[in-house]
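# Structural features, examined
Okay, here's what each chain looks like letter by letter:
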Amino acid sequence: MGNRLSKIYTRTGDDGTTGLGDGSRVAKDSARVASYGTVDELNSAIGLVLAVEIPEPVREVLTQVQHDLFDLGGELCIPGMAMVHAADIERLERVLDGLNEDLPPLKDFILPGGGLAAAHCHLARTICRRAEREVVTLSRLEEVRPEATYYLNRLSDLLFVIARVLARASGHGEVLWQHERRKKPKA
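Described in the following lines is the structure provided in the data block. No experiment lies behind these values; they were computed from the predicted model shown.

Tallying secondary structure elements over the protein chain gives 5 helices and 4 strands in all. For the protein chain, the N- to C-terminal ordering of α and β elements is β-β-α-α-α-β-α-α-β. Seen along its three principal axes, the alpha-carbon backbone of the protein chain occupies a region of about 65 × 45 × 30 Å. Every one of the 187 residues in the protein chain was classed for burial, and the buried ones make up 39%. Considering only residue pairs separated by 6 or more positions, the protein chain has 71% of its internal contacts joining residues 24 or more positions apart. When the accessible area of the protein chain is evaluated, it comes to approximately 11,400 Å², of which 54% is carbon and sulfur surface. Computed over 24 positive and 27 negative side-chain charges, the inter-centroid distance for the protein chain is 8 Å.

So this is what it looks like as structure tokens:
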């Protein structure tokens, strides 16, 4: 393990900059910091899902995802670093296909909810989409490996499927969007 933090505050960021993993300093509101900061937020949101009772296979998947996200944050924090690979994306796809196989096909949109675990998972999914947008923004400004975007894209799909699984496992079920409620009655 690298350097251990013995003192949490350093005062080096008081000027509005922060250090990247390669030692360079950038503005705290840079696209790079926004991208790995949102990945960190996503990891914390997944921690909320893991803080409630969920099926063990889902817990194992999400714990692995947390490790992957820590790797992805490191990759985004250290320009030129490669920590997320095609095998990680393929693993997400296999898990996604396996979980989705037992779910009924969707005919309507579902509302975020379906119990505490599922609702937390939907929140994580939306943060994942924002992280993906932040990485795309960064990639327009600096070089970013495409695996970062691919991973987040697959992960948001996986989080959607996991939210469906958790809604069913909790007994709350999925709440379908009632789009017909806006149709005007015929006179």
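Having put the structure on the table, let's press on.
Next up on the list: the packing of helix H4 (residues 116-141) against helix H5 (residues 146-170). Angle between the axes and distance between the axes are the two parameters that describe a pair of packed helices. Orientation of H4 relative to H5, taken along the N-to-C sense of each, is 170°, at an axis distance of 8 Å. Judged by the inter-axis angle, H4 sits roughly antiparallel to H5. Viewed along their axes, H4 and H5 form a crossing whose handedness is left-handed. In terms of residue class, the contact of H4 with H5 is made up of 17 nonpolar, 4 polar and 4 charged.

Relative to the 22 Å expected for 16 residues at 1.5 Å per residue, helix H3 (residues 86-101) spans 22 Å between its end C-alpha atoms, a close match to the ideal helical length. On its buried face, H3 is in contact with helix H2 (56-77) and H5.

Residues Leu42, Leu69 and Leu155 are the most contacted members of the largest nonpolar core, which totals 47 residues. Those elements giving two or more residues to this core turn out to be helix H1 (31-50), H2, H3, H4 and H5. Beyond its immediate sequence surroundings of up to four residues, leucine 42 is in contact with Leu69, Ala124, Ile127, Cys128, Leu152, Leu155 and Leu159.

Attention now goes to a nonpolar patch on the surface. A cluster of nonpolar side chains, Phe109, Leu111, Val175 and Trp177, forms an exposed patch at the surface whose accessible area comes to about 400 Å². Within the fold, tryptophan 177 resides in the segment after strand E4 (175-176).

Residue placement: glutamate 75 occurs in helix H2. Under the relative-accessibility criterion, glutamate 75 is labelled buried at 4%. Polar contacts involving the side chain of glutamate 75 include one to the main-chain amide nitrogen of methionine 83, which spans 2.8 Å. Filtering out sequence-adjacent residues up to four positions away, glutamate 75 remains in contact with Arg32, Met81, Ala82, Met83, Val84, Arg145 and Ala148.

Take the pattern of salt bridges next. Taken as a whole, this structure holds 12 salt bridges when the rule is applied. Between aspartate 157 and arginine 129 there is a salt bridge, with its nearest N and O atoms 3.3 Å apart. With aspartate 157 in helix H5 and arginine 129 in helix H4, this pair connects stretches of sequence that are 28 residues apart. Through salt bridges with shared partners, one network takes in Asp68, Asp88 and Arg91.

A separate point is the state of the cysteines. Applying the stated criterion across every chain, the model contains 0 disulfides. Between cysteine 121, a free cysteine, and cysteine 128, which holds the nearest cysteine sulfur, the sulfur-to-sulfur gap is 10 Å.

Right, let's talk about the environment of arginine 125 for a bit. Residue position: arginine 125 is located in helix H4. C-alpha of arginine 125 to C-alpha of valine 61: the two residues are 64 residues apart in sequence and 15 Å apart in space. Discounting chain neighbours no more than four positions away, the residues touching arginine 125 are Pro112, Ser156, Leu159 and Phe160.

Thresholds applied
Throughout, a residue's number is its position along its own chain's written sequence, starting from 1. Residues qualify for local features only when their pLDDT is at least 70, as the model is predicted, and side-chain atom pairs are given and counted only at 80 or more; totals for whole chains, interfaces and linings, by contrast, use all residues. Calculated side-chain values reflect all of the structure's heavy atoms, with hydrogen atoms and water omitted. The numbering of helices and of strands both runs from the N terminus, where a helix is a DSSP run of H or I of at least 4 residues and a strand a run of E of at least 2. The classification of residues rests on relative accessible area computed with a 1.4 Å probe and restricted to protein chains. Under 20% of the type maximum is buried, over 50% is exposed, and intermediate values are partly exposed. Contact between two residues is taken to exist if any of their heavy atoms lie within 4.5 Å; hydrogens are not considered. Working definition of accessibility: Shrake-Rupley area with a 1.4 Å probe, residue cover restricted to the visible protein chains. Working convention for charge: Lys and Arg count positive, Asp and Glu count negative, and His plus the chain ends are omitted. Lys charges are placed at NZ, Arg charges at CZ, Asp charges at CG and Glu charges at CD. Here, axes are lines fitted to C-alpha atoms. For helices the fit covers the stretch in contact, and angles between N-to-C directions go from 0 to 180 degrees. An angle below 35 degrees is read as roughly parallel, one above 145 as roughly antiparallel, one from 65 to 115 as roughly perpendicular, and any other as oblique. By convention the crossing between two helices is left-handed if the near helix lies anticlockwise of the far one by an angle smaller than a right angle, and right-handed if it lies clockwise. As a working rule, the residues Ala, Val, Leu, Ile, Met, Phe, Trp, Tyr, Cys and Pro are called nonpolar, Asp, Glu, Lys and Arg charged, and the rest polar, with Gly in that last group. Helix span is expected to be 1.5 Å times the residue number reduced by one. For our purposes a nonpolar core is just a set of buried Ala, Val, Leu, Ile, Met, Phe, Trp, Tyr and Cys residues, chained together by side-chain atoms within 4.5 Å. Think of a patch as exposed residues, more than 30% relative accessible area, with no salt bridge, where like charges cluster within 9 Å and nonpolar side chains (Val, Leu, Ile, Met, Phe, Trp, Tyr) cluster within 5 Å. Any carboxyl oxygen of Asp or Glu within 4 Å of a side-chain nitrogen of Lys or Arg constitutes a salt bridge here. Polar contacts here mean pairs of N or O atoms no more than 3.5 Å apart (in protein, one a potential hydrogen donor and the other a potential acceptor; neighbouring residues in sequence count only if both atoms are side-chain atoms). To count as a disulfide, a pair of cysteine sulfur atoms needs to be within 2.5 Å.

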